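Geometric and topological summary
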Amino acid sequence: MQLFLPIADIPVNVFLILAMGAAVGFVSGMFGIGGGFLMTPLLIFVGITPAVAVASVASHIAASSFSGAIFYWRRRAIDPLLAAVLLSGGVIGTALGVWTFTQLRALGQLDLMIALSYVVLLSAVGGLMFWEGLRAIMRARRGIASSMRRPGSHGWIHGLPLKIRFKRSKIYLSVIPVVAVGIIIGFIGAVMGIGGGFILVPIMIYLLRVPTSTVIGTSMVLTLVTMVFATMLHAVTNHLVDAVLALILMVGGVTGAQFGARAGQKIRGEHLRLLLGLLILAVGIRFAIELGIKPDDLFTIRETGDGG
Amino acid sequence: MIARHCLAVIFAALTLCAAFAIRPADAERLIVSVSNHRVTVTPNYSGEELVLFGSVEKDASTPAGGADYDLVVTVSGPLADMVTRRKERKFGIWINTDYRQFLKVPTYLALFSNRPFDAIASPEVQRRQQLGLNNVLLTQRVGPDYADVVPNDAFRSAFVRLRSERGLYREATSAVTFLTPTLFRTEIPLPAEVPIGRYDVEIKLFSDGALVAQTVTSFEIVKVGFEQFVATSARQNGFVYGLATAFMALMTGWMASIVFRKD
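This part covers the overall build of chain B. Summing up its helical and strand segments, chain B has six helices and 14 strands in all. Here chain B holds 263 residues, and 28% of them are scored as buried. Residue pairs in contact within chain B that sit at least 24 positions apart in sequence constitute 67% of those at least 6 positions apart.

The following block contains the structure:
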């Protein structure tokens with residue numbers, strides 16, 4: 001069934017977009033990530049301009065993460081205090097990121113910067129997660145208890161002042177690294193046009209030692225708020241949010257996310273990390289290959305204004 | 001300065017006289033009509049085809065016997081600025097290095113004729129009347145200057161090729177058919193991803209390699225109903241539109257969690 005999109009100005013197959021939304025929604029519900037780094041390239045591949053894709057995906061991620069957040073809230077798997085502290089940093093980071101984005105665009109190499117940061121970030125994060133997951137599985141196989149939450153392995157982060165007790169997560173942690181993580185995620189999210197969940201989850205697990213039980217739900221809250229913020233920002237500044245496209249993506253996305261969240265609860269933590277690591281690594285490698293091989297067409301056209 | 005101006009005026013007058021000498025003014029008149037002057041884009045729009053009809057009207061001063069006519073139809077869509085970029089291998093990766101800016105070029109451009117342009121007119125006339133994609137003026141910004149370049153310029157040909165691949169630029173030298181020696185028709189195919197706006201249709205009649213008559217008509221492509229409502233509210237009430245979209249997102253997420261709630 002073909003449908004003409006009012007902002008993107010092209011007809012698309014509704015079922016194809018629904019299926020894409022559902023697939024990405026499943027992944028996002030399972031791993032507690034927004035899935036923007038998967039959805040945006042998919043939409044561009046279908047023929048939607050990058051600007052409209054990025055803007056519309058933001059609202060799609062908001063819907064997916066809200067549905068996911070409700071799911072985790074019922075299971076008491078969200079730490080509200082931790083989410084609030086992260087968010088305070090996230091807002092600052094987003095503002096900084098938007099400013100940097102504008103500066104980079106003025107320099108004229110924004111596309112390259114985005115592609116390079118995708119490659120570096122996705123490969124690094126994906127590779128690390130994959131390796132960690134693999135080691136955890138090996139340890140479990142050999143019957144050695146996980147060393148992840150061994151006391152005394154706290155490091156310098158746990159020596160910082162301004163400590164708060166995050167009750168739901170059962171951790172006692174300084175707010176400084178939490179706010180810093182929020183700033184970094186907000187910044188990366190704004191510059192790369194993604195929610196940043198796939199970076200936030202590993203940072204929370206490995207750096208802040210937040211237990212896996214509250215990591216996903218809490219990161220979803222952060223994703224939800226930043227994506228609602230991003231939707232507003234895109235709608236006000238560039239008028240490029242396609243509500244019809246977003247609605248189709250949402251319907252597919254939230255459905256997928258529900259099943260994804262259930263599937264995620266059934267899979268063991270280290271397996272989940274291994275799978276997510278593989279997925280992120282695969283996307284990173286795909287971007288690397290794209291940069292490395294000779295493109296089919298050396299030329300590209302982009303509309304820059306309506307000639308007025 | 002003044003002398004030079006006078007010279008220019010005299011030269012222009014002479015050229016005009018020469019033109020009139022070859023053919024009397026308004027010997028032929030073109031009457032044309034497009035099958036639809038207002039193409040509406042609805043949710044199930046996926047491309048359309050318009051038909052242009054026309055006839056050549058002769059008056060008493062037209063030489064008897066009736067020469068063979070040639071017809072060229074140029075359809076140009078709304079104008080836009082575009083950038084063509086070229087990738088090059090640097091440090092082992094392919095990055096955009098060089099680019100050309102095209103200023104106020106048509107987003108849709110179609111040229112139709114009844115036979116190859118080379119058969120219709122001399123290269124000089126083809127260039128002056130912009131017959132064919134190779135001769136259409138596509139203004140580029142070259143440093144501080146504005147100019148079109150030679151047709152085989154890498155950026156220009158890449159631009160035309162990429163637009164043609166998307167069905168937005170096209171050239172068909174057998175698309176115009178003469179039903180009788182004076183009655184003609186041609187189809188104007190509009191692709192699915194058609195730019196919204198006003199389209200100018202320029203019809204030029206040639207005889208013996210010279211332009212004898214021309215006329216223009218136009219049609220517009222508009223969004224209607226829901227599409228238009230969404231498009232205009234996104235543009236004019238960005239904040240409200242954003243709020244509505246964000247609210248829609250939250251509602252969808254909430255609905256899903258109710259629908260799929262098992263416990």
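This paragraph deals with the confidence of the model for chain A. Detailed reading of predicted coordinates is not advised where the pLDDT is low. All names here are of chain A. Looking at chain A, pLDDT values average 79 and 90% of them are 70 or higher. Of all secondary-structure elements in chain A, the lowest mean pLDDT belongs to strand 5 (residues 299–305), at 71, while helix 1 (residues 14–31) reaches the highest, 86. Every residue in residues 147–153 is under pLDDT 50, and counting partners more than four places away or in other chains gives one contact.

Attention now goes to unusual backbone geometry. Leave glycine aside and you will find that most residues have negative phi; peptide bonds, for their part, are mostly trans. Residues and elements named next belong to chain B. You will see that K104, though not glycine, has its phi angle at about 50°, which is positive. Within the secondary structure layout, K104 lies in strand 6 (residues 93–106). The exposure class of K104 is partly exposed, given the 16 C-beta atoms found within 10 Å. Even without being a glycine, Q130 presents a positive backbone phi close to 55°. Within the secondary structure layout, Q130 lies in the loop between helix 3 (123–128) and strand 8 (140–142). Assessed through the 17 C-beta atoms surrounding it within 10 Å, Q130 is described here as partly exposed.

Below, the discussion takes up the sheet that holds strand 7 (residues 109–113) of chain B. Paired through backbone hydrogen bonds, the strands of a sheet run either parallel or antiparallel to each other. Residues and elements named next belong to chain B. On the basis of which strands lie adjacent, the open sheet formed by six strands has the order 2-14-13-4-7-10 and mixed pairing. In the strand order of this sheet, the two ends are held by strand 2 (38–41) and strand 10 (169–172), each with one partner. The mean inter-strand angle of the sheet, taken between neighbouring strand axes irrespective of direction, is 15°. Looking at chain direction, strand 2 and strand 14 (residues 210–223) are connected through four bridges and run parallel.

Attention now goes to the interface of chain B and chain A. Of the residues lining the interface, 48 residues belong to chain B; the matching set on chain A comes to 48 residues. Those elements giving two or more residues to the side of chain B that touches chain A turn out to be strand 5 (79–90), strand 6, helix 4 (154–165), helix 5 (225–236) and helix 6 (238–259) of chain B. In terms of residue count, the dominant contributor to the side of chain B that touches chain A is helix 6 of chain B (14 residues). For the side of chain B that touches chain A, a count of residues per class yields 27 nonpolar, twelve polar and nine charged.

On to the packing of helix 8 (residues 212–237) of chain A against helix 6 of chain B. Taken N-terminus to C-terminus, the directions of helix 8 of chain A and helix 6 of chain B make an angle of 150°; their axes are 8 Å apart at the nearest point. With respect to each other, helix 8 of chain A and helix 6 of chain B are oriented roughly antiparallel. With respect to the hand of their crossing, helix 8 of chain A and helix 6 of chain B are arranged in right-handed fashion. On helix 6 of chain B, the residues that touch A:V228, A:T231, A:M232, A:A235 and A:V236 of helix 8 of chain A are B:G238, B:F239, B:Y241, B:G242, B:T245, B:A246 and B:A249.

Criteria and thresholds
- Residues numbered from 1 in each chain as written.
- Chains lettered and ligands numbered in written order.
- Predicted model: local features only at pLDDT ≥ 70, side-chain atom pairs only at ≥ 80, totals over all residues.
- Helix = DSSP H or I, 4+ residues; strand = E, 2+ residues; numbered from the N terminus.
- Buried ≥ 20, exposed ≤ 12 C-beta atoms within 10 Å, placed from the backbone.
- Contact = placed C-beta atoms within 7 Å.
- pLDDT = per-residue confidence, 0-100.
- Pairing = 2+ DSSP bridges.
- Axes fitted to C-alpha atoms, helices over the stretch in contact; angles between N-to-C directions.
- Nonpolar A, V, L, I, M, F, W, Y, C, P; charged D, E, K, R; others polar.
- Parallel < 35°, antiparallel > 145°, perpendicular 65-115°, else oblique.
- Left-handed = near helix turned anticlockwise from the far one by under 90°.

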